[in-house]
Amino acid sequence: MDFSVVVEYFPRLLEGTWVSLQLVVISIVLGGVFALPIALARISPVGWIRAIPFAYIFFFRGTPLLVQIFLVYYGASQFDVVRESFLWPILKEPFWCAIIAFTLNTSAYTAEIFRGAIQAIPEGEVEACKVVGMSKYQMYRRVLLPRAFGIVLPAYGNEIILMLKGSALASTITILDLTGMARTIIARTYTPMEIFLAAGAIYLVISIVIIAIFRQIELRQNRYLGTLSIKVPDKG
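Residues numbered from 1 in each chain as written. Predicted model: local features only at pLDDT ≥ 70, side-chain atom pairs only at ≥ 80, totals over all residues. Heavy atoms only, no water.

1. What about a nonpolar patch on the surface?
Reasoning step 1: There is a patch of nonpolar side chains on the surface, built from Val 25, Val 29, Leu 30, Val 33 and Phe 34 and spanning about 430 Å² of accessible area.
Reasoning step 2: Summarising the element assignment, Val 33 is placed in helix α1 (residues 4-42).
Reasoning step 3: A residue is classified by how much of its surface remains accessible, and Val 33, at 53% relative accessible area, is exposed. (Patch = residues over 30% accessible without salt bridge, like charges linked within 9 Å, V, L, I, M, F, W, Y side chains within 5 Å. Areas by Shrake-Rupley, 256 points an atom, 1.4 Å probe, with all protein chains shown as cover. Salt bridge = Lys/Arg side-chain N within 4 Å of Asp/Glu carboxyl O. Helix = DSSP H or I, 4+ residues; strand = E, 2+ residues; numbered from the N terminus. Buried < 20%, exposed > 50% of the residue type's maximum accessible area, 1.4 Å probe, protein only.)

Laid out in structure tokens, this is it:
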């Protein structure tokens, strides 16, 4: 194997890495914003309110991420109403189509993580909030959501890593993320082993950094509390 090609094209791999990081960060932030109200709706005592997020989560957890990307990228363009709408400048761009698909996907998984975290809070803490006369809004804002944030961290860190690995699928719609850039380089150099090993090493380093960051946040968040854990939903 000739690893000199890795050295030569390493700046190009870093360009692809930057695109991958943008995809992941934007999707995770938007997905988190959408996930919280979805999670709260999932634990609503009203049946029809629970049914809407349940259907949303069931669809996006039950279908492959690749299919979701294709539905957004290829499916939206076949409707005249979409091509003539103000959304078309966004939906015609592969980058933003990937962001939309990733956001919808991760919001479904994150909503289930949040729901599990909220329901994992001991009943005694909920009763204590009621005893001191907190309203439901105060209870969630001051106690339950901060408590759930500490519980959710291990599973949420796993979700971000899964999203990082899933971002490689963006290359299927012409985005030159890390995987897409690696494939482009391989097409020029015919060195798949060296380039894919280098790309895999970059993904691994990013994952290690994410794990370390979340471990520190978890230790800080839960330093005065007993730690509860929940299982991350399986993307398989």
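2. What to know about the UniProt feature "transmembrane region" (unreviewed entry) in the chain
Reasoning step 1: As annotated by UniProt and renumbered to match this structure, "transmembrane region" (unreviewed entry) occupies residues 20-41, 53-74, 86-105, 144-164 and 195-214.
Reasoning step 2: In residues 53-74, the share of helix is 91% and the share of strand is 0%. The end C-alpha atoms are 25 Å apart.
Reasoning step 3: Helix makes up 80% of residues 86-105 and strand makes up 0%, while its end C-alpha atoms are separated by 24 Å. (UniProt positions renumbered as here; feature names shortened; annotations may be inferred.)

3. Thoughts on the UniProt feature "domain: ABC transmembrane type-1" (unreviewed entry) in the chain
Reasoning step 1: Taking the UniProt record as the reference, the feature "domain: ABC transmembrane type-1" (unreviewed entry) is found at residues 17-214.
Reasoning step 2: The distance from the first to the last C-alpha atom of residues 17-214 is 20 Å, and the span holds 82% helix and 0% strand.

4. Considering unusual backbone geometry
Reasoning step 1: Here the phi dihedral of Thr 174 falls at roughly 75°; this positive angle occurs in a residue that is not glycine.
Reasoning step 2: Tracing the backbone shows Thr 174 in the loop between α8 (136-166) and α9 (178-189).
Reasoning step 3: Overall, Thr 174 belongs to the exposed group, its relative accessible area being 60%.
Reasoning step 4: With a phi angle near 55°, Tyr 190 is a residue other than glycine that sits in the positive phi range.
Reasoning step 5: In this fold, Tyr 190 is placed in the loop between α9 and α10 (192-221).

5. Quick notes on the environment of Thr 17
Reasoning step 1: Here Thr 17 shows up in helix α1.
Reasoning step 2: Given a relative accessible area of 7%, Thr 17 falls into the buried group.
Reasoning step 3: In the structure, Thr 17 is positioned 189 residues away from Ile 206 in sequence and 9.5 Å away in space, judged by C-alpha atoms.
Reasoning step 4: Beyond its immediate sequence surroundings of up to four residues, Thr 17 is in contact with Leu 178, Ile 202 and Ile 206. (Contact = heavy atoms within 4.5 Å.)

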